[in-house]
Amino acid sequence: MPTVSLKRDLLFRALGRTYTDEEFDELCFEFGLELDEITSEKEIISKEQGNEKAQGASDVVLYKIDVPANRYDLLCLEGLVRGLRVFKERIKAPMYKRVIPNGEIQKLIITEETAKIRPYAVVAVLRNIKFTKDRYESFIELQEKLHQNICRKRALVAIGTHDLDTLSGPFTYTAKKPSDIKFKPLNKTKEYTACELMNIYKTDNHLKHYLHIIENKPLYPVIYDSNGVVLSMPPVINGHHSKITVNTRNIFIECTGTDFTKAKIVLDIIVTTFSEYCENQFTVEAAEVVFPNGKLHTFPELAYRKEMVRADLINKKVGIRETPENLAKLLTRMCLKSEVIGDGNQIEIEIPPTRADIIHACDIIEDAAIAYGYNNIQMTLPKTYTIANQFPLNKLTELLRHDMAAAGFTEALTFALCSQEDIADKLGLDISATKAVLISNPKTAEFQVARTTLLPGLLKTIAANRKMPLPLKLFEISDIVIKDSSRDVGARNYRHLCAVYYNKNPGFEIIHGLLDRIMQLLDVPPGEKKGGYVIRASEGPAFFPGRCAEIFARGQSIGKLGVLHPDVITKFELTMPCSCVEINIEPFL
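A quick note: this is a predicted structure, and the numbers were derived from the prediction, not measured.

**Q** Outline the sheet that holds strand 3 (residues 61–66), listing residues and values.
**A** Pairing between the strands of a sheet is mediated by backbone hydrogen bonds and can be parallel or antiparallel. Pairing within the open sheet is antiparallel, and its three strands lie in the order 1-3-2. Unpaired on one side and paired on the other, strand 1 (3–7) and strand 2 (34–40) mark the two borders of the sheet. Strand after strand, the sheet turns through a mean of 25° between neighbouring axes, direction not considered. For strand 2 and strand 3, the ladder comprises six bridges, and the chain directions are antiparallel. Across the sheet, residue Glu-37 finds its bridge partner in strand 3, namely Lys-64.

The following block contains the structure:
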């Protein structure tokens, strides 16, 4: 869930009254939010960097509020205050209007070169807006929150806001070779080519995370005005020429992206949230976009739509008994203007452009439940009598865990993600042979893939504890993940059991004895008859030649055991022999 940090005094001033911390916490709960933390800038810096770094930082009290991930309209002070005031019935939900300017309408022309990079763009104008320092900071903060949330770190949508008075329309959105793009980027003092900027921003803690979106493309997207001034190079950086400030009066907003629907939602959220500060409140000046096929669209859409929900359905799903009139009133408090129509059981709900989260009737019912108050819903026993049971696989796992511990082995719980090196190179395998699920854009080299075996995690645990008294006997029973094209998600989990013995001698007989004990517990007799188990000589790149066996049970291969190859032991920074067993326990259910 996104967290919004708000200055307490500024928040109370906007709400028109003060609250105790407990009262505001309760108000947030009633509205479906959570007051996560009460802190200050000084306290945050002190926790993260120490007291010395916190010297001189602000003592202003901050409320950190957790907001549902799909409530984009609550990601800043303005939206949150508006929502709370409507909820407490102090104001009515505003009606947002799109107006056509008296003079020439602003226009953005998209060229066909953008088709393979970021083909969509939407635009709007906030006219005669009045910023203060706090409003300006909130405006910038909202863009950042949207970038991290619905925009998926600018991969789907990138927002650009510009001082319209410094520009001259119409605007052109095109794509050019990096060497052909040259401009002065935001907060820089001289011009750079796009190639130079990509190198500069590789060390920028904020912008380096967005470079991968376009850096390997032959063309980079760029927006020019009619004089050839660069507005932005989305999704990386805006131009310095059109930088907005506290004194900016007219703002040109452009959202470019690969997802047209999300671009329109983002534009609607920004303009509805900050049109409050325009000279004509809650009005947004329209702008036009000409697509490569010649079609002309006017934005923002600011579309209102009507939905119908029966009152008895809401009552049934929530578990309450309210009249249609009361339900309509509850929904109106959630910024969903509602009225009873037809036979008296039908409620017509008007969905505003700020509520992109309302997709189905169940979303409307959820809002009715929030407004009614979850704590006010009477608890009742389910009409269907059921007895909960543990999943058989989890029950088997629990039973085996206890007996593994009784056999003298210590349980470890290792990461489900690891590096490609851990499951491939260090075990003498090629990464393509592992059928591993790769993580796109991993944060660190340590978490590149989902593990295909439990062995590397246990060996790394031993390496971190090699100073402990010998022998080290560890086990883990957890899931591994393998690619499987037959599954709808393209991968499948398997529950594995892995045990490792680390000592001055390999201890193969101990691991073999442990396998026999596991099979005894699973009621699987030795031998091939009657669904028994056998071990057969085998080879594996991770094992010492002639010291590896494959385990067969109930007619199928379930795993391997053996003495690990010295190269494997060395690669995991270990110095003594090691034996292991790893089996799939799912066939024994």
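**Q** Would you mind going over empty space enclosed by the protein in detail, with residue names and values included?
**A** The final tally for this structure, using the stated rule, is one cavity of 30 Å³ or more. Space inside the largest cavity adds up to approximately 30 Å³. Looking at the largest cavity, the residues that line it are Leu-400, Asp-403, Met-404, Ala-407, Leu-514, Arg-517, Ile-518 and Leu-521. Where the lining of the largest cavity is concerned, the elements lending two or more residues are helix 11 (392–406) and helix 14 (508–521). It is helix 14 that provides the largest number of residues to the lining of the largest cavity, a total of four residues. Among the residues making up the lining of the largest cavity, the classes are represented as six nonpolar, no polar and two charged.

**Q** Which residues make up a negative patch on the surface, and what are the values?
**A** Residues Glu-22, Asp-25, Glu-26, Glu-30, Glu-34 and Asp-36 make up a contiguous surface patch of negative charge. Listing elements by their share of the negative patch, those giving two or more residues are helix 2 (21–30) and strand 2. Take the negative patch: its biggest share by element is four residues, from helix 2. Tracing the sequence through the fold places Asp-25 in helix 2.

**Q** Could you give an account of the pattern of salt bridges, naming the residues involved and the relevant values?
**A** A pair can form between side chains of opposite charge whenever their charged atoms are brought close. On inspection of all chains with the given rule, the structure shows 26 salt bridges. Among the salt bridges present, the one from Asp-73 reaches Arg-71, with a minimum N-O distance of 2.9 Å. Here Asp-73 falls in the buried class, since its relative accessible area comes to 11%. We classify Arg-71 as buried; its relative accessible area is 7%. Notably, a salt bridge pairs Lys-306 with Glu-348, separated by 3.7 Å at the nearest N-O pair.

**Q** An account of the layout of surface pockets is requested, with residue identities and associated values reported.
**A** In this structure, the largest pocket occupies an estimated 830 Å³ of space. Along the walls of the largest pocket sit 27 residues, with Thr-452, Thr-453, His-496, Lys-560 and Glu-582 positioned nearest its centre. Taken together, the elements giving at least two residues each to the lining of the largest pocket come down to strand 24 (472–483), strand 25 (491–502), strand 27 (543–553), strand 28 (556–564) and strand 29 (578–584). Residue contributions to the lining of the largest pocket peak at five residues, all from strand 28. Along the lines of polarity and charge, the residues of the lining of the largest pocket split into 14 nonpolar, nine polar and four charged. The volume enclosed by the second largest pocket comes to roughly 610 Å³. Elements supplying a minimum of two residues to the lining of the second largest pocket: helix 5 (133–148), strand 7 (157–163), strand 12 (230–233) and strand 13 (237–238). Its residues assigned to classes, the lining of the second largest pocket shows 13 nonpolar, 11 polar and six charged.

**Q** Could you give an account of helix 13 (residues 455–464), naming the residues involved and the relevant values?
**A** Of all the 10 residues making up helix 13, seven are buried; the element is thus mostly covered by neighbouring parts of the structure. Within the span of helix 13, buried status applies to Leu-455, Pro-456, Gly-457, Leu-458, Leu-459, Ile-462 and Ala-463. The secondary structure elements touched by the buried residues of helix 13 are helix 12 (420–423), strand 24, strand 25, strand 28, helix 15 (566–571) and strand 29.

**Q** Explain unusual backbone geometry to me, using residue names and the numbers behind them.
**A** A negative phi holds for most residues other than glycine; trans holds for most peptide bonds. Going from Pro-234 to Pro-235, the amide bond is cis rather than trans, its omega being 5°. Relative to the helices and strands, Pro-235 resides in the loop between strand 12 and strand 13. One non-glycine residue, Asn-128, lies in positive phi territory at about 55°. For Asn-128, the position within the fold is in the loop between strand 6 (120–126) and helix 5. Among the residues examined, Asn-128 registers a relative accessible area of 25% and is labelled partly exposed. Phi is positive for Glu-573, close to 60°, though the residue is something other than glycine. Tracing the chain through its elements places Glu-573 in the loop between helix 15 and strand 29. Among the residues examined, Glu-573 registers a relative accessible area of 55% and is labelled exposed.

**Q** Please provide a residue-by-residue account of the side chain of Asp-363, values included.
**A** Relative to the elements of secondary structure, Asp-363 occurs in helix 10 (residues 361–372). Salt bridges are absent for the buried Asp-363, whose nearest opposite-charge side chain, Arg-305, sits at 6.8 Å. There is a polar contact of 2.8 Å between the side chain of Asp-363 and the backbone nitrogen of His-360. Discounting chain neighbours no more than four positions away, the residues touching Asp-363 are Asp-357 and Ile-358.

**Q** How would you summarise the packing of aromatic side chains if you had to cite specific residues and measurements?
**A** A ring pair, where both rings are aromatic, is described by two values, the distance of the centres and the angle of the planes. For the structure on display, the rule yields 16 aromatic pairs. Ring plane angle 55° and centroid distance 5.8 Å describe the contact between Phe-12 and Tyr-19, whose orientation is recorded as tilted. According to the relative accessible area criterion, Phe-12 is buried, its value standing at 6%. Residue Tyr-19 is classed as buried on the basis of its relative accessible area, which comes to 10%. Where Phe-274 meets Tyr-277, the ring centres are 6.0 Å apart and the plane angle is 55°; that geometry is what we call tilted. For Phe-274, a relative accessible area of 0% corresponds to the buried category.

**Q** Any chance you could break down the sheet that holds strand 19 (residues 337–341) for me, citing the residues and the numbers?
**A** An order of 18-20-19 is seen for the three strands of this open sheet, with the pairing classed as antiparallel. The sheet is open, and its two edges are formed by strand 18 (305–310) and strand 19, each paired on a single side. Going from strand to strand, the sheet's axes swing by 25° on average, the running direction of each strand aside. Pairing geometry for strand 18 and strand 20 (residues 346–351), over six bridges, is antiparallel. Bridged to Glu-307 within strand 20 is Ile-349. Along the sheet, helix 9 (residues 324–333) makes contact with strand 19 and strand 20, crossing strand 19 at roughly 165°.

**Q** Could you give an account of the environment of Asn-128, naming the residues involved and the relevant values?
**A** Each C-alpha atom of the pair Asn-128 and Ala-388 lies 61 Å from the other, and the pair is 260 residues apart in sequence. Every residue in contact with Asn-128, bar those within four places of it in the chain, is listed here: Arg-249, Asn-250, Tyr-277, Cys-278 and Glu-279.

Rules of the game
Residues numbered from 1 in each chain as written. Predicted model: local features only at pLDDT ≥ 70, side-chain atom pairs only at ≥ 80, totals over all residues. Heavy atoms only, no water. Pairing = 2+ DSSP bridges. Helix = DSSP H or I, 4+ residues; strand = E, 2+ residues; numbered from the N terminus. Axes fitted to C-alpha atoms, helices over the stretch in contact; angles between N-to-C directions. 1 Å grid on protein atoms, 1.4 Å probe; cavity = no way out; pocket = protein on both sides within 12 Å on 5 of 7 lines; lining within 4 Å. Points joined across faces, edges and corners; volume = space filled by probe spheres on them. Nonpolar A, V, L, I, M, F, W, Y, C, P; charged D, E, K, R; others polar. Patch = residues over 30% accessible without salt bridge, like charges linked within 9 Å, V, L, I, M, F, W, Y side chains within 5 Å. Areas by Shrake-Rupley, 256 points an atom, 1.4 Å probe, with all protein chains shown as cover. Salt bridge = Lys/Arg side-chain N within 4 Å of Asp/Glu carboxyl O. Lys, Arg positive; Asp, Glu negative; His and termini not counted. Charge placed at Lys NZ, Arg CZ, Asp CG, Glu CD. Buried < 20%, exposed > 50% of the residue type's maximum accessible area, 1.4 Å probe, protein only. Contact = heavy atoms within 4.5 Å. Polar contact = N/O pair within 3.5 Å; in protein donor to acceptor, adjacent residues only side chain to side chain. Phe/Tyr/Trp six-rings, centres within 6.5 Å; stacked < 30°, edge-to-face > 60°.

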